[in-house]
Amino acid sequence: MPVYEAEMRHDRKTLTDLAHMQYDLFCGRNRTARGLLSVTLIVIGVVYGGGSWWSLLLIAYACYLMTSTYAASNRTARRLADQLEAAGQALPASRYVFEQKKMRIFNLADGEELDPMPYGEVVGLGEDYDAFYLFRSQYGGYRVPKEALGDRQGAFRSFIQEKTGRLFMRRVTPLNRLREWLRAREREPMHL
């Protein structure tokens, strides 16, 4: 008997969001190395370069490393969407059925059930402003739109964390933090 159900129809943005969350969850060492290398190159360029051409080149490369964090993720998501469209196929669309012991996945195009995912196989959980992410491996996962859960988002989060024994990693940018604050303000009663 299903505890929760949700449908997900991917578009280019949702594929990109999934790729970004995948990077956030599984490429922490890469992010740390990029950050440390960027800071090191900037220090070398500023302290030892004295405005020479090579110091400016080091600083420019450091800035590129800092700002291109998701470049590979974006390229992967774009390539997947391009390949599916070139083959005349629609982007993935699925129905998720969350039961007590596993998550069942159905392809919306033909109704075929894919391999179910027991909660013990989940290797990572992520959350952003719009969705929850459940990863079966570091190479693939599922995006569950929050709007599909309605007012049961908190209960869903608790249910999945309890069943998987993992916590959701939450990616909150300053813009998303502001959106959440504004959304909460809209729900408040008028103050006198």
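These lines cover the structure that appears in this document, whether it is placed above or below.

How each quantity is defined
Residues numbered from 1 in each chain as written. Predicted model: local features only at pLDDT ≥ 70, side-chain atom pairs only at ≥ 80, totals over all residues. Heavy atoms only, no water. Patch = residues over 30% accessible without salt bridge, like charges linked within 9 Å, V, L, I, M, F, W, Y side chains within 5 Å. Areas by Shrake-Rupley, 256 points an atom, 1.4 Å probe, with all protein chains shown as cover. Salt bridge = Lys/Arg side-chain N within 4 Å of Asp/Glu carboxyl O. Helix = DSSP H or I, 4+ residues; strand = E, 2+ residues; numbered from the N terminus. Phe/Tyr/Trp six-rings, centres within 6.5 Å; stacked < 30°, edge-to-face > 60°. Buried < 20%, exposed > 50% of the residue type's maximum accessible area, 1.4 Å probe, protein only. Lys NZ or Arg CZ within 6 Å of the ring centre and 35° of its normal.

Once that is clear, we can look at a nonpolar patch on the surface. Together, Val39, Val43, Ile44, Val46, Val47, Tyr48, Trp53, Trp54, Leu57 and Met66 make up a nonpolar patch on the protein surface, roughly 1,100 Å² of accessible area in all. Contributions of two or more residues to the nonpolar patch are made by helix H2 (28–49) and helix H3 (53–67). The element that contributes the greatest number of residues to the nonpolar patch is H2, accounting for six residues. You can see methionine 66 is positioned in helix H3.

Evaluation of the coordinates by the stated rule reveals 11 aromatic pairs. Judged by centre distance (5.4 Å) and plane angle (85°), the rings of phenylalanine 26 and phenylalanine 135 are edge-to-face. With phenylalanine 26 in helix H1 (residues 12–26) and phenylalanine 135 in strand S6 (residues 131–137), this pair connects stretches of sequence that are 109 residues apart. Using a relative accessible area of 25% as the deciding quantity, one classes phenylalanine 26 as partly exposed. Each ring, one from tyrosine 96 and one from tyrosine 142, has its centre 5.7 Å from the other, and the planes form 70°; the classification is edge-to-face. Of this pair, tyrosine 96 sits in strand S2 (residues 93–98) while tyrosine 142 sits in strand S7 (residues 140–145), placing them 46 residues apart in sequence. For tyrosine 142, a relative accessible area of 16% translates into the label buried. Through a chain of ring-to-ring contacts, three or more aromatic side chains come together here, namely Tyr4, Tyr96, Phe98, Tyr119, Phe132, Tyr142, Phe156, Phe159 and Phe168. In this structure, lysine 146 is placed above the aromatic ring of phenylalanine 132, and the distance from its NZ or CZ to the ring centre is 5.2 Å.

Read these as layout, nothing more, since geometry by itself doesn't imply function.
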